Amino acid sequence: MQRRWWSEDFTLSKRHLGGVLILLGVGAMAMALARWLLGTDPEGIGGLQLMALGGGLALIVLGGTLLPLGDMPA
């Protein structure tokens, strides 16, 4: 597997791109929720955190639509 990543003819597939987008979305949502849980702001979730949650959800949905496309080049 490691040789495949570093070979001259490696192309990023839509499955790879979908997985990366899903990981980025989960990370953005986890950071926004962690900030809310660990924060000292008594007002709860703020506007920027809501935008991070919405953007993370959008990345997860977009990445999920790319996964069934398989090994097509991205």
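Preceding block: the structure.
Residues numbered from 1 in each chain as written. Predicted model: local features only at pLDDT ≥ 70, side-chain atom pairs only at ≥ 80, totals over all residues. Heavy atoms only, no water.

### Remarks on the overall build of the protein
Helix and strand counts for the protein stand at three helices and zero strands. Ordering the α and β elements of the protein from the N terminus gives α-α-α. By the compact-globule yardstick of 11 Å for 74 residues, the protein is too spread out, its C-alpha radius of gyration being 16 Å. For the protein, the proportion of its 74 residues judged to be buried stands at 16%. In the protein, once contacts between residues fewer than 6 apart in sequence are set aside, the share between residues at least 24 apart is 76%. Taken as a whole, the protein presents about 5,600 Å² of accessible surface, with 70% of it coming from carbon and sulfur. Averaging the positions of the 5 positive and the 5 negative side-chain charges in the protein gives two centres separated by 9 Å. (Helix = DSSP H or I, 4+ residues; strand = E, 2+ residues; numbered from the N terminus. Rg over C-alpha atoms; globule rule 2.2 N^0.38 Å. Buried < 20%, exposed > 50% of the residue type's maximum accessible area, 1.4 Å probe, protein only. Contact = heavy atoms within 4.5 Å. Areas by Shrake-Rupley, 256 points an atom, 1.4 Å probe, with all protein chains shown as cover. Lys, Arg positive; Asp, Glu negative; His and termini not counted. Charge placed at Lys NZ, Arg CZ, Asp CG, Glu CD.)

### A closer look at the environment of Leu-24
Among the structural elements, Leu-24 can be located in helix α2 (residues 14-38). Given a relative accessible area of 48%, Leu-24 falls into the partly exposed group. Through-space distance from the C-alpha of Leu-24 to that of Gly-63 is 9.5 Å; in sequence the pair is 39 residues apart.

### Thoughts on helix α3 (residues 47-66)
End to end, α3 covers 29 Å across 20 residues, agreeing with the expected 28 Å (1.5 Å per residue, within 8%). On its buried face, α3 sits against α2. (Expected span 1.5 Å × (residues − 1).)

### With respect to the environment of Ala-52
Tracing the chain through its elements places Ala-52 in helix α3. What makes Ala-52 partly exposed here is its relative accessible area of 27%. Placed 23 residues apart in sequence, Ala-52 and Met-29 show a C-alpha to C-alpha distance of 6.3 Å. Not counting the four nearest positions on each side in its chain, Ala-52 is found in contact with Ala-28, Met-29 and Ala-32.

### Overview of the pattern of salt bridges
In the structure shown here, the tally under the stated rule is one salt bridge. Ionic pairing is found between Arg-15 and Asp-71, a salt bridge with its closest N-O pair at 3.5 Å. Placement of Arg-15 in helix α2 and of Asp-71 in the segment after α3 is noted, with a sequence separation of 56 residues between them. For Asp-71, a relative accessible area of 57% translates into the label exposed. (Salt bridge = Lys/Arg side-chain N within 4 Å of Asp/Glu carboxyl O.)

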